[in-house]
Amino acid sequence: MPIFAYKALASNGTVTTGELDATDRPEALRVLDKKGLQPVNLKEIAAASAKKSNGSAKAKADDKESSKVNVKEDVIPEGPIKLKRQEVVLFTEELSDMLSAGLQLEPALKSMENRQELGNLKAVSYKIRQIVRDGVNFSVALKKVSPSFGPLYCSLAAAGEASGALDDILKRQAHYLKTLAELQARLILAMIYPAFLILAGIGVSIIFITVLIPQLTALIETSGGKIPLGAAILIGASSFIKKWWIVMILTTITALLYFKFWKDNEANKPAWDRIKLRIPLIGPVITSRFYVQFLETMANLVGNGLPLLRALELSRDATQNRGLRGELDKVIAQVGDGRSFSKALVRNGAFPPLLIDMISVGEQTGRIDHSLRRAAERYDKELDKSLQRIMALVMPVVLIVMASLIGTMAYLMITAIFHTISNMQR
């Protein structure tokens, strides 16, 4: 077993040195962690044979230490750990608060690992800390430990590491996740009443098709009258649905599955991302969200001293929509050729004039990070207005559609009944 020499910081602030036996470097780090020591320097110096004379007491102590480590590792689940949205938000908030308070990344993760509340957060913090201690970037550790963080989260974490503003990036990401959760909760709450209306409309439509329309047909046939055009259309639609409803359901399911496979195919994702940008109401929300995220990320990166070209590359990597990412690729190519940021945006033609003007002012004053942050705040307000507009339109649209459907069917039914009664009186 190799021997490692270490220099570490004890909990009381003193610096201690020594040697320990471990199978590899990660295990040596875990042993130091068990002893409450924060490593400053750790290197392998010799094989275990050089330390055999230390006696069996130290070997027993090391075995005991290793067994404790193994007990802890047995508690940690193997493989990726899935987190709930609330757990991701809590992890992000706590880590950003500790980083903002001046703690380094590893001690902050250690503090989260020692939290009293049991759950997946302890396991995630432990596994991330072990990977980070081996020299792996925090963003890469996030990808390895849990798929719940997602590509956007990991890309923003990478941008924060590169700029030294990881705490700011995480704080903004926590705000974004909470805003998204609140939006989903508001959407679910707003859709409860329309959902009841839709179910009621479906129930009424089924009654019309299965009960009322057959009775109406029999009544018209016995009276010998001519079926009105509206009633004939309704009766024909009812007969068609009753005959082919299974085929219609299977066709709908097949079409939905085909669409899902098509949009999930890597070759079709760029086209689908471009289509999403052109969907009414949804497209402007996606675009506004991109502007907010892009401008905030750029402001943090440039404000922490990163070159503009590198900041643009990291911001592009944090953009999920491939259509928008392609536009950023064009901007990056032009900035790399020596054009200014604002002129590259003008030449691209896909960015709004207001955004370009604010960035141009920042370039002229030498405070581009400040201008980027102001632009992000402006588009954040626009995004909030767009979301409120969509929420306000959901209820009226559902009410109008359901009222039109039920009203049309009721009107046709009543017209046919009156027409039949007038024929019987002649």
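Our subject in this report is the structure included herewith. Computed from a predicted model, the values in this text were never measured in an experiment. (Residues numbered from 1 in each chain as written. Predicted model: local features only at pLDDT ≥ 70, side-chain atom pairs only at ≥ 80, totals over all residues. Heavy atoms only, no water.)

### A closer look at the overall build of the protein chain
- The helix and strand inventory of the protein chain stands at 16 helices and three strands.
- Relative to its full complement of 426 residues, the protein chain shows a buried share of 38%.
- If you take every contact in the protein chain between residues at least 6 apart in sequence, the share linking residues at least 24 apart comes to 61%.
- If you sum the accessible surface of the protein chain, you get close to 23,900 Å²; carbon and sulfur atoms cover 61% of it. (Helix = DSSP H or I, 4+ residues; strand = E, 2+ residues; numbered from the N terminus. Buried < 20%, exposed > 50% of the residue type's maximum accessible area, 1.4 Å probe, protein only. Contact = heavy atoms within 4.5 Å. Areas by Shrake-Rupley, 256 points an atom, 1.4 Å probe, with all protein chains shown as cover.)

### Looking at the packing of helix 6 (residues 138–145) against helix 7 (residues 150–163)
- Packing of helix 6 against helix 7 leaves a shortest axis separation of 8 Å and a crossing angle of 160°. Considered as vectors, helix 6 and helix 7 are oriented roughly antiparallel to each other. Two packed elements cross with a definite hand, and for helix 6 against helix 7 that hand is right-handed. On helix 7, the residues touching F138, S139, L142 and K143 of helix 6 are Y153, C154, A157, A158 and E161.
- Looking at side-chain class alone, the contact of helix 6 with helix 7 contains six nonpolar, one polar and two charged residues. (Axes fitted to C-alpha atoms, helices over the stretch in contact; angles between N-to-C directions. Parallel < 35°, antiparallel > 145°, perpendicular 65-115°, else oblique. Left-handed = near helix turned anticlockwise from the far one by under 90°. Nonpolar A, V, L, I, M, F, W, Y, C, P; charged D, E, K, R; others polar.)

### Section: the packing of aromatic side chains
- For the structure on display, the rule yields nine aromatic pairs.
- Considering the side-chain rings of F290 and F351, the 6.5 Å spacing of their centres and the 40° angle between planes classify their relative orientation as tilted. Here the residue F290 occupies a position in helix 11 (residues 282–303), and F351 occupies one in the loop between helix 14 (341–348) and helix 15 (353–365), the gap between them amounting to 61 residues.
- With relative accessibility at 8%, the residue F351 sits in the buried group.
- With a centroid separation of 6.5 Å and 70° between ring planes, the pair formed by F294 and F341 is classed as edge-to-face. Of the two residues, F294 sits in helix 11 while F341 sits in helix 14, which places them 47 residues apart along the sequence. Each of the two residues, F294 as well as F341, counts as buried. (Phe/Tyr/Trp six-rings, centres within 6.5 Å; stacked < 30°, edge-to-face > 60°.)

### Here we look at a nonpolar patch on the surface
- A cluster of nonpolar residues, F240, I241, W244, W245, I246, V247, M248, I249, L250, I253, L257 and F261, forms a patch on the protein surface that exposes about 1,200 Å² of accessible area.
- On the secondary structure map, I241 appears in helix 9 (residues 229–264). (Patch = residues over 30% accessible without salt bridge, like charges linked within 9 Å, V, L, I, M, F, W, Y side chains within 5 Å. Salt bridge = Lys/Arg side-chain N within 4 Å of Asp/Glu carboxyl O.)

### So, the nonpolar core
- F91, L95, I128, F138, L142 and F149 are the most contacted members of the largest nonpolar core, which totals 34 residues.
- Among the elements of the structure, helix 3 (85–100), helix 4 (105–113), helix 5 (120–133), helix 6, helix 7 and helix 8 (166–223) are those that each provide at least two residues to this core.
- Excluding its chain neighbours within four sequence positions, the residues that come into contact with F138 are F91, L95, L105, I128, V132, A157, E161 and L166.
- Core analysis: the next-biggest nonpolar cluster, separate from the first, contains 32 residues, Y291, V292, F294 and L312 among them. (Core = buried A, V, L, I, M, F, W, Y, C linked by side-chain atoms within 4.5 Å.)

### Looking at helix 7
- Its 14 residues place the ends of helix 7 20 Å apart at the C-alpha level, agreeing with the 20 Å of an ideal helix rising 1.5 Å per residue.
- Listing the buried residues of helix 7 in full gives L152, Y153, C154, S155, L156, A157, A159, G160 and S163.
- At the exit of helix 7 stands G164, carrying a positive phi of roughly 80°. (Expected span 1.5 Å × (residues − 1).)

### Observations regarding the pattern of salt bridges
- With the rule as written, the count across this model stands at 13 salt bridges.
- Two residues, K330 and E327, come together in a salt bridge whose shortest N-O distance is 3.9 Å. With a gap of three residues between them, K330 and E327 both fall in helix 13 (residues 322–336), about one helical turn apart.

### Observations regarding the environment of T16
- Within the secondary structure, T16 sits in strand 2 (residues 15–21).
- When its relative accessible area of 27% is taken as the criterion, T16 is described as partly exposed.
- Linking T16 and Y6, residues ten residues apart in sequence, is a C-alpha distance of 8.2 Å.
- Excluding residues that lie within four positions of it along the chain, T16 makes contacts with Y6, K7, A8, A10 and L37.

### Let's talk about the packing of helix 4 against helix 5
- Viewed as axis vectors pointing N to C, helix 4 and helix 5 meet at an angle of 155°, and their least axial separation amounts to 8 Å. In terms of orientation, helix 4 and helix 5 fall into the roughly antiparallel class. In the crossing of helix 4 with helix 5, the sense of the turn from one axis to the other is left-handed. Where helix 4 abuts helix 5, its residues L105, E106, L109, K110, M112 and E113 lie against K122, S125, Y126, I128, R129, V132 and R133.
- Counted by class, the contact of helix 4 with helix 5 contains six nonpolar, one polar and six charged residues.

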